[in-house]
Amino acid sequence: TGLSKAGVVGLAIAGVVGLSAAVYKFNQKSKETEEVNLDVAKSLSDQASSLESSVETFDKLSGKAKISNDELARLNDLNIRISQSSNPGEIAELQKQYDYLAQKSGLSKDELEKLFKANEDIIKQSPDVKTQVSEQGNAFAKNTDEVKKQIQALRDLSESQIKGEQAKLLDQEAEARKRINEQTDLLEKKICLKEKLNKGFLKLTKK
């Protein structure tokens, strides 16, 4: 028997379903790759923002301080040593030195804590930053010039990730459209051929 009208419609539906499944699978794979790359870009951007915040705090407070960078480094070292010591006599002596420099700095207790925290973040995230290191191994940034270069490098890398992903997505979209068009043309040809065969069969049966 020939292919009925319902059969032609069924073939069309089956073809569309098969095509949709192929396109969906392609799009899902592209989406997974996109999410991974955009996660990397966001991570780099977040790192740059976090580091930039620490740099702004460090520059603002170290610039506001009425003592030199050397003295701020000494103050930072004293703060760490006090927190790590369990000797009451040593703590009292270190605290005396700390209080003197802290008062001389003109910074409040809260400001000093923010400065020390910003310094800690900068040291952890920027291994190449120029530092002063005490005999106890406590580092304090001399300046933030190298850190600012690192921040820009992180932002550039994040941007390149996004631009690369955008270009890739455009290529993937073009490829997907090409596949859809090819499959659609092939499907239309199959349906057309089946219809012609069906019409030819019907003519033969009428004779």
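Each chain has its residues counted from 1, following the order in which its sequence is written. A pLDDT threshold of at least 70 governs which residues receive local features in this predicted model, and a stricter bar of 80 or more applies before side-chain atom pairs are shown or counted, although totals over entire chains, interfaces and linings include all residues. Based on all heavy atoms of the structure, the side-chain values leave hydrogens and waters out of the count.

Colleague: Whenever I open this one, the overall build of the protein chain confuses me. Can you help?
Modeller: Scanning the protein chain from terminus to terminus reveals five helices and two strands. Comment: elements are numbered from the N terminus, with helices defined as DSSP H or I runs of at least four residues and strands as E runs of at least two. Ordering the α and β elements of the protein chain from the N terminus gives α-α-α-α-β-β-α. Each residue's exposure class comes from its accessible area (1.4 Å probe, protein chains only) as a fraction of the maximum for that residue type: buried when under 20%, exposed when over 50%, partly exposed otherwise. Burial status across the protein chain gives 28% buried among its 207 residues. All accessible-area figures derive from a Shrake-Rupley calculation using a 1.4 Å probe, and residue coverage is judged against the displayed protein chains alone. Surface summary for the protein chain: the accessible area is close to 13,800 Å², and the carbon and sulfur share equals 54%.

Colleague: Sorry if this is basic, but what is going on with the packing of helix H2 (residues 69–84) against helix H4 (residues 109–125) here?
Modeller: Working note: a packed helix pair is described by the angle between its axes plus the distance between those axes. Put simply, H2 and H4 touch, their axes get as near as 11 Å, and they point 90° apart. Accordingly, the angle class assigned to the pair H2 and H4 is roughly perpendicular. Along its contact with H2, which presents Leu-72, Leu-75, Asn-76 and Asn-79, the element H4 presents Leu-112, Leu-115, Phe-116 and Asn-119. In the scheme used here, Gly and all other residues not listed as nonpolar or charged are polar, with Ala, Val, Leu, Ile, Met, Phe, Trp, Tyr, Cys and Pro taken as nonpolar and Asp, Glu, Lys and Arg as charged. By residue class, the composition of the contact of H2 with H4 is five nonpolar, three polar and no charged. Comment: axis = line fitted to C-alpha atoms, over the contacting stretch for helices; angle = value between 0 and 180 degrees taken between N-to-C directions. Should an angle fall under 35 degrees it is called roughly parallel, over 145 degrees roughly antiparallel, and 65 to 115 degrees roughly perpendicular, with every other angle called oblique. Residue contacts are counted whenever heavy atoms from the two residues lie within 4.5 Å of one another.

Colleague: In this structure, what is going on with the nonpolar core? I would like to understand it.
Modeller: Definition used in this section: a nonpolar core is a set of buried Ala, Val, Leu, Ile, Met, Phe, Trp, Tyr and Cys residues joined via side-chain atoms within 4.5 Å. Counting 29 residues, the largest nonpolar core has Phe-58, Leu-75, Tyr-98, Leu-112, Leu-115, Ile-122 and Val-147 as the members making the most contacts within it. Only helix H1 (5–64), H2, helix H3 (88–105), H4, strand E2 (139–141) and helix H5 (145–206) provide two or more residues apiece to this core. For this core, the leading source of residues is H1, giving six residues. Phe-58 has contacts with Gly-63, Asn-69, Leu-115, Ala-118, Asn-119, Ile-122, Phe-140, Ala-141 and Thr-144, leaving out every residue within four places of it along the chain.

Colleague: What is the right way to read the side chain of Asp-77 from this model?
Modeller: Relative to the assigned elements, Asp-77 resides in helix H2. Under the relative-accessibility criterion, Asp-77 is labelled buried at 2%. Side-chain atoms alone can form a polar contact between residues adjacent in sequence; in general such a contact is a pair of N or O atoms within 3.5 Å, and within protein one must be able to donate a hydrogen while the other accepts it. Side-chain polar atoms of Asp-77 contact the side chain of Ser-134, separated by 2.6 Å. The contacts of Asp-77, once residues within four sequence positions are left out, are Ser-134, Gln-136 and Asn-138.

Colleague: Just checking my understanding: could you explain the packing of aromatic side chains for this structure?
Modeller: Note on aromatic pairs: each is described by the distance of the centres and the angle between the planes. In this analysis, rings of Phe, Tyr and Trp, with Trp reduced to its six-membered ring, are considered paired at centre separations within 6.5 Å, and the interplanar angle assigns stacked below 30 degrees, edge-to-face beyond 60, and tilted for intermediate values. For the structure on display, the rule yields one aromatic pair. Summarising the aromatic geometry, the rings of Phe-58 and Phe-140 are spaced 5.4 Å apart at their centres and angled 45° between planes, so their arrangement reads as tilted. You can see Phe-58 sitting in helix H1 and its partner Phe-140 sitting in strand E2, a full 82 residues away along the chain. Taken as a pair, Phe-58 and Phe-140 share a single burial class, namely buried.

Colleague: What should I look at first to understand the confidence of the model for the protein chain in this one?
Modeller: Per-residue confidence for the protein chain averages 78 on the pLDDT scale, and 62% of its residues sit at or above 70. Here pLDDT means the predictor's own confidence in every residue, given as a number from 0 to 100. Per-residue pLDDT, averaged within each element of the protein chain, yields its smallest value for H1 (69) and its largest for H3 (96). Note on residues 1–16: pLDDT under 50 across the span, and 18 contacts to partners over four residues away in sequence or across chains.

Colleague: Is there a simple way to explain the environment of Lys-42 in this structure?
Modeller: Residue position: Lys-42 is located in helix H1. The class of Lys-42 is exposed, set by a relative accessible area of 51%.

Colleague: In this structure, what is going on with the packing of H2 against H3? I would like to understand it.
Modeller: It is the contact of H2 with H3, at a shortest axis distance of 9 Å, that shows an interaxial angle of 145°. Crossing hand, H2 versus H3: left-handed. Contact with H2, carried on its side by Glu-71, Arg-74, Leu-75, Leu-78, Asn-79, Arg-81 and Ile-82, involves Glu-90, Ile-91, Leu-94, Gln-95, Gln-97, Tyr-98, Leu-101, Ala-102 and Lys-104 of H3 and no other residues of that element. Looking at the contact of H2 with H3 residue by residue, the classes come out as eight nonpolar, three polar and five charged. Working rule for handedness: look at the near helix, and if it is turned counterclockwise from the far one by less than a right angle, call the crossing left-handed; if clockwise, right-handed.

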